[in-house]
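# Coordinate analysis (summary)
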Amino acid sequence: MATNPMLNESAFERARENARSAYEVMTVQGTINKTFALLFICVLGGMISWTNYQSWAGFLWPVAIAGFVTALITSFKPRFAVFTAPVYAFLEGLFLGTVSAAYNAQFQGIVFNAVAATVLVFFVMLFVYRTGLIKMSRGLRVGIFSATAAIALLYLGSMILSLFGVSTAYLTSSSPLSIGISVVICIVAAFNFLMDFYFIDEMTGHYAAPKYMEWYAGFGLLVTLVWLYLEILRLLSKRR
């Protein structure tokens, strides 16, 4: 079971059938390389929109929608990940650069703090996973999955309520309740890294997935990184 919808076992099982030799299968090192490549592309896109975020602000939602569509294509067609994952990373970079610059204009230095916190959490969770400080039992995996699903429902419900003019201050204000909710969401997002690491290890250790699945797995990790970064950015802005 994987909490990240982009990293699901059925996709790896379908892909396993396409692997042709030991030299073409997915590896942990290959996944790491692809993940860093996607991060580089994402940062590149962010730098482009960051330098002139006011001009990009008008394209914020079209870029977000295009990124969402690309993510769906990648999710349902992992074979295309070698092409769609870099496109998604670039679009997400454009989106993040615009949003980050807007936050930084209001709260100077907040973006650096959010990036630093995201990187720190990533490596802390990687250390926790590699050292076995937290055992990935079935109960824990089910718990993380349930918490992530609950957060998704919370966001969906809030979006629907806002369309009808109902206040969603519990998510957007700087009240203690809103800050507490953001803290919980950040913790759940961080624990999703454990699930991602565990799942990638399981798939590379027990499945002969083809090489292109490295892009698919890297894409899944990028989704979690982006989610955590946005949540940390939102949390820091509330505290300001």
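Heads up: the structure comes first, above all this text.
Quick look at the structure, then. Model, not experiment: these values are computed from the prediction.

### Considerations on a nonpolar patch on the surface
Taken together, the side chains of Trp-61, Ile-65, Phe-68, Val-69, Leu-72, Ile-73, Phe-76, Phe-80, Val-82 and Phe-83 present a nonpolar region at the surface, about 1,100 Å² in accessible area. Going through the elements one at a time, helix 4 (60–76) and helix 5 (81–106) are the ones with two or more residues in the nonpolar patch. Looking at where Trp-61 falls in the secondary structure, it is placed in helix 4. Taking the relative accessible area as the measure of exposure, Trp-61 reaches 61% and is therefore exposed.

### Here we look at the environment of Phe-122
Mapped onto the secondary structure, Phe-122 falls in helix 6 (residues 110–131). A residue is classified by how much of its surface remains accessible, and Phe-122, at 15% relative accessible area, is buried. Separated by 14 residues in sequence, Phe-122 and Met-136 have C-alpha atoms that sit 17 Å apart. Excluding residues that lie within four positions of it along the chain, Phe-122 makes contacts with Phe-193, Phe-197 and Leu-225.

### A few points about the pattern of salt bridges
One pass over the structure, following the stated rule, counts three salt bridges. Between Glu-214 and Lys-34 there is a salt bridge, with the nearest N and O atoms lying 2.8 Å from each other. In this pair, Glu-214 sits in helix 10 (residues 213–239) while Lys-34 sits in helix 2 (residues 28–50), placing the two residues 180 residues apart along the sequence. Under the relative-accessibility criterion, Lys-34 is labelled buried at 17%. Two residues, Lys-211 and Glu-214, come together in a salt bridge whose shortest N-O distance is 3.0 Å. With relative accessibility at 34%, the residue Lys-211 sits in the partly exposed group. Under the relative-accessibility criterion, Glu-214 is labelled buried at 0%.

### Side note on the packing of aromatic side chains
Summed over the entire model, instances satisfying the criterion amount to seven aromatic pairs. Judged by centre distance (5.2 Å) and plane angle (85 degrees), the rings of Phe-122 and Phe-123 are edge-to-face. Given the relative accessible area of 45%, Phe-123 is considered partly exposed. Every member of this aromatic cluster is reached through a ring pair, and the members are Phe-122, Phe-123, Tyr-129, Phe-193 and Phe-197.

### Notes on the state of the cysteines
As enumerated under the stated definition, the model contains zero disulfides in all. Free of any disulfide, Cys-42 has its nearest cysteine sulfur in Cys-186, 18 Å distant. Residue Cys-42 is classed as buried on the basis of its relative accessible area of 9%. Exposure remark for Cys-186: the relative accessible area of 10% places this residue in the buried category.

### Some words on the nonpolar core
Nonpolar side chains in soluble globular proteins tend to end up buried together. In terms of nonpolar packing, the biggest core is built from 51 residues, with Leu-38, Met-136, Phe-193, Phe-197, Phe-219 and Leu-233 touching the most fellow members. Elements represented by at least two residues in this core include exactly helix 2, helix 4, helix 5, helix 6, helix 9 (176–206) and helix 10. Ranked by residues supplied to this core, first place goes to helix 10 with 15 residues. The residues touching Met-136, leaving out its near neighbours within four places in the chain, are Tyr-129, Arg-141, Ile-144, Leu-194, Met-195 and Tyr-198.

### Things to note about the packing of helix 7 (residues 138–163) against helix 9
Taken N-terminus to C-terminus, the directions of helix 7 and helix 9 make an angle of 135 degrees; their axes are 10 Å apart at the nearest point. Between helix 7 and helix 9, the angle falls in the class oblique. Handedness of the crossing formed by helix 7 with helix 9: left-handed. Here Arg-141, Ile-144, Ala-147, Thr-148, Ile-151, Leu-154 and Tyr-155 of helix 7 come into contact with helix 9, specifically with Ile-181, Ile-185, Val-188, Phe-191, Asn-192, Met-195 and Tyr-198.

### Some details on the environment of Tyr-229
Within the secondary structure layout, Tyr-229 lies in helix 10. Among the residues examined, Tyr-229 registers a relative accessible area of 8% and is labelled buried. Sequence separation between Tyr-229 and Gly-132 is 97 residues; the distance between their C-alpha atoms is 25 Å. For Tyr-229, the contacting residues outside a window of four places in its chain are Leu-96, Ser-100, Val-111, Ala-114, Val-115 and Thr-118.

Procedures and definitions
- Residues numbered from 1 in each chain as written.
- Predicted model: local features only at pLDDT ≥ 70, side-chain atom pairs only at ≥ 80, totals over all residues.
- Heavy atoms only, no water.
- Patch = residues over 30% accessible without salt bridge, like charges linked within 9 Å, V, L, I, M, F, W, Y side chains within 5 Å.
- Areas by Shrake-Rupley, 256 points an atom, 1.4 Å probe, with all protein chains shown as cover.
- Salt bridge = Lys/Arg side-chain N within 4 Å of Asp/Glu carboxyl O.
- Helix = DSSP H or I, 4+ residues; strand = E, 2+ residues; numbered from the N terminus.
- Buried < 20%, exposed > 50% of the residue type's maximum accessible area, 1.4 Å probe, protein only.
- Contact = heavy atoms within 4.5 Å.
- Phe/Tyr/Trp six-rings, centres within 6.5 Å; stacked < 30°, edge-to-face > 60°.
- Disulfide = S-S within 2.5 Å.
- Core = buried A, V, L, I, M, F, W, Y, C linked by side-chain atoms within 4.5 Å.
- Axes fitted to C-alpha atoms, helices over the stretch in contact; angles between N-to-C directions.
- Parallel < 35°, antiparallel > 145°, perpendicular 65-115°, else oblique.
- Left-handed = near helix turned anticlockwise from the far one by under 90°.

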